[in-house]
Amino acid sequence: MRRSTTADLWWKNAVIYCLDVETFFDANGDGCGDFHGLAERVGHLDEMGVTCIWLMPFYPTPDRDDGYDITDFYGVDSRLGSSGEFVEFLRVARDRGIRVIADLVVNHTSNQHPWFQSARSSRESPHRDWYVWRDEPPTDGPEGVVFPDQEKSLWEYDEEAGQYYLHRFYKHQPDLNVANPAVRDEIARVLGYWLHLGLSGFRVDAVPFLLETEGALDAEELPDPHEYLRDLRALLSRHNGEAVLLGEVNLPYPDTMRFFGDEDGDELTMCFDFIGMQRLYLSLARKQAAPLAEALRERPAPPEDGHWATFVRNHDELTLDKLSKEERQEVFDAFGPDKSMQLYDRGLRRRLPSMLDGDLDRIRMVYSLLFSLPGTPVLFYGEEIGMSEELSVEGRNAVRTPMQWSDDDNGGFSKADPEKLVAPLVRGEFGPAEVNVVSQLRDPASLLSWMKLLIRRYRQSPELAWGRYEVLSVDADQVLAHRADQDGGTVVALHNFADEPVEVTLRLDGLEPGDKLVDLLADGSTPVADGEVKVGLDRYGCRWLRVVKPGEVFLP
Ligand code: GLC
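Calculation rules
Residues take numbers from 1 onward in each chain, read along the sequence in its written order. Only residues with pLDDT of at least 70 are given local features in this predicted model, and only at 80 or more are side-chain atom pairs given and counted; all residues enter the totals for whole chains, interfaces and linings. Processing note: side-chain calculations cover all non-hydrogen atoms of the structure and skip hydrogens and water entirely. Put simply, buried Ala, Val, Leu, Ile, Met, Phe, Trp, Tyr and Cys residues joined by side-chain atoms within 4.5 Å make one nonpolar core. The rule is simple: take the accessible area with a 1.4 Å probe, protein chains only, and divide by the maximum for that residue type; under 20% is buried, over 50% is exposed, in between is partly exposed. Helix and strand assignments follow DSSP, with helices taken as H or I runs no shorter than four residues and strands as E runs no shorter than two, numbered in order from the N terminus. Contacts between residues were defined by any pair of non-hydrogen atoms, one from each residue, lying within 4.5 Å. The criterion for an aromatic pair is that two Phe, Tyr or Trp rings (for Trp, the six-membered ring) have centres within 6.5 Å, with stacked assigned to planes under 30 degrees apart, edge-to-face to planes over 60 apart and tilted to the rest. When DSSP finds two or more bridges between two strands, those strands count as paired. Between the N-to-C directions of two axes lies an angle of 0 to 180 degrees, each axis being a line fitted to C-alpha atoms and, for a helix, fitted only over the stretch in contact. Think of a salt bridge as a Lys or Arg side-chain nitrogen and an Asp or Glu carboxyl oxygen that are within 4 Å of each other. Consider each residue's heavy atoms; a residue with any of them within 4 Å of a molecule or strand counts as near. Polar contact is defined as a pair of N or O atoms within 3.5 Å, subject to the rule that within protein one atom must be able to donate a hydrogen and the other to accept it, and that residues adjacent in sequence are counted only when both atoms are side-chain atoms. Note on residue classes: Ala, Val, Leu, Ile, Met, Phe, Trp, Tyr, Cys and Pro are nonpolar, Asp, Glu, Lys and Arg are charged, and everything else, Gly too, is polar. The arc refers to the directions leading from the helix axis to the C-beta atoms.

## A closer look at the nonpolar core
Taken as a class, soluble globular proteins show a tendency for nonpolar side chains to be buried jointly.
Reasoning step 1: Grouped together as the largest cluster of nonpolar side chains are 157 residues, with contacts concentrated most on L55, F89 and Y281.
Reasoning step 2: Per element, the largest residue contribution to this core is eight residues, and it comes from helix α15 (residues 447-460).
Reasoning step 3: Filtering out sequence-adjacent residues up to four positions away, F89 remains in contact with F35, L38, A39, V42, I53, L55 and V100.
Reasoning step 4: Judged by nonpolar contacts, the second largest core, of 18 residues, contains L472, V479, L508 and L517.

So this is what it looks like as structure tokens:
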């Protein structure tokens, strides 16, 4: 058996679910979600088929960037519970066979972090060199402010320090100096600490910025950033052989590939497919398969043990920064024409269901794509029930509203007074009265039931996770057809981006008379006369078809 077909590469067919403890479930009724509450609701994730939870930052924080501004890398924010409750949650998840990874945010700290407080207090401080200081903001330093509505420069003058410090993100998030070996040692300790408590890896925040050492030292002294990433990966594997690094790298494909490391994949285990995600939205806007099909054809294969991580939505703005200006405008026109829906001129602060006007056929088609395209699917909490955004909430937080469990007060998220809630709930047609877990659990036609079916079929179809992929040519611009092959098994998936039904002719190499194409998402099968089959798709329809040979027994 080839190494890649063994189950120890668990991330290859994982279903990752990202959540923020503070907005998931509030067990103690103070208005803020907590680990105790999360532990109570792990069952929901297990029953859905989730195999790995990605926790957004839960560390002590002044919370000026939703926890991505950390004051203690070794703690649990007291609003969310204690370290004991964190470990209890890990145990509950493990009991259900669910692995847990967490955000590793070590590009920067909060300016309230004791290291920064010490660093700014004096040039002699042992922590001074943990950050990046300059007497004058350099003209040749790194470029590009990440949050242009709030920040005008990457360098901020600190009165107490008498120098400028580097901050890639908000000015209250000074960048750590990873060129400093003491900082590297500390980051290694942070990793080791959480791995030993039971994490199965990390979602590594802002990887290219983390590795960036420009502005830190003179050019000749710069350590090789990729060597650092290799070191981190090696360290991870020494602690826990099954642990993964899932990296946030939003760069063109060839640049992103470098972060996987060499052909054995000795750096990041997985990288998010930001390009594929952006082209998916362009395909949706145009009702044509081509933009996404081109991305899939262009996308390099990751190292054998690595994988792309695919997603429809994450916790940030839906970035469209890698589309051309005109393409981005097409997506804005289709899904977020109002300025209030856009952010930083590059993205949308909406979730999918509202962008698609709640059209369930179309929403179902998008998630069918997510689970059938190559890569590990990553869901953002609430996607399984079709939650939308609340635009009255500022900036990126519009998509970080409390989970909608039921149509009870506060959507069943918390028993606190509404004004005490950590974030407002979605109002209107996508609010908890209409969109919630409880009602969808009982409804076989709900999005949640669809999501469960997709996950079950995805986990039952090793071809999708492990197989060789090919985008097929079909005689309809609105249809994306692809096949995945593994160990003699073949699954073909078809997706119709348009709101009219369509019939396509599929020509499949290897099909023989007598073979059948068995539907995996519905009842039924199509006999194959010769190498050609006609397949019908409803408006925004999708089908997954397994090739079943004569005499072969297929358990649906
Ligand atoms: C990443 C996160 C984002 C955060 C930023 C700073 O881009 O996804 O939410 O604000 O890093 O840590």
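## What about the packing of aromatic side chains?
Reasoning step 1: Considering all chains together, one arrives at 33 aromatic pairs under this definition.
Reasoning step 2: The interplanar angle of 80 degrees and the centroid separation of 5.1 Å between the aromatic rings of F24 and W405 together place this pair among those described as edge-to-face. Highlighted residues: F24 in the loop between β1 (16-19) and α1 (35-40) and W405 in the loop between β14 (376-380) and α14 (437-441), separated in sequence by 381 residues. There is no split in this pair, since F24 and W405 are both buried.
Reasoning step 3: With centroids separated by 5.8 Å and ring planes inclined at 35 degrees, the aromatic side chains of F35 and F89 adopt a geometry described as tilted. Of the two residues, F35 is situated in helix α1 and F89 in helix α3 (residues 83-95); the sequence distance between them amounts to 54 residues.
Reasoning step 4: Overall, the relative accessible area of 0% leaves F35 in the buried class.
Reasoning step 5: The exposure class of F89 is buried, given its relative accessible area of 0%.
Reasoning step 6: Among the aromatic residues, ring-to-ring pairing joins F35, F58, Y59, Y74, F86, F89, Y193 and W194 into one connected group.

## Overview of the sheet that holds β1
Reasoning step 1: If you trace the eight strands once around the closed barrel, you get β1-β2-β3-β7-β8-β9-β10-β14, paired in parallel fashion. In this sheet, adjacent strand axes meet at a mean angle of 25 degrees when their direction is disregarded.

## What about the pattern of salt bridges?
Reasoning step 1: If you walk through the whole model with that rule in mind, you get 37 salt bridges.
Reasoning step 2: Across the salt bridge formed by D273 and R299, the nearest N and O atoms sit 2.8 Å from each other. Within this pair, whereas D273 is found in the loop between β9 (270-272) and α9 (274-286), its partner R299 is found in the loop between α10 (290-298) and β10 (307-311), the two being separated by 26 residues in sequence. Each member of the pair, D273 as well as R299, is classed as buried.
Reasoning step 3: A salt bridge links R400 to D316; its shortest N-O distance comes to 3.0 Å. Of the two residues, R400 is situated in the loop between β14 and α14 and D316 in the loop between β10 and β11 (318-319); the sequence distance between them amounts to 84 residues. D316 shares its class with R400; the two are buried.
Reasoning step 4: It is possible to trace a salt-bridge network through shared partners that takes in D65, D66, D316, R396 and R400.

## So, the site of the ligand
Reasoning step 1: In the vicinity of the ligand there are 13 residues, among which D65, D205, H315, D316 and R396 approach most closely.
Reasoning step 2: The side chain of H108 places a nitrogen or oxygen atom 3.0 Å from an oxygen atom of the ligand.
Reasoning step 3: In the environment of the ligand, an oxygen atom lies 2.9 Å from a nitrogen or oxygen atom belonging to the side chain of R396.
Reasoning step 4: Grouping the constituent residues of the shell around the ligand by class yields four nonpolar, two polar and seven charged.

## Focus: helix α4 (residues 114-121)
Each α-helix turn comprises 3.6 residues. Residues three or four places apart therefore point the same way.
Reasoning step 1: Every buried residue of α4 is accounted for by W115, F116, A119 and R120. Taken end-on, α4 shows its buried residues confined to a sector of 120 degrees, consistent with a single buried face.
Reasoning step 2: Where the residues of α4 are buried, they touch β4 (133-134), β5 (155-158), β6 (163-166) and α5 (181-197).

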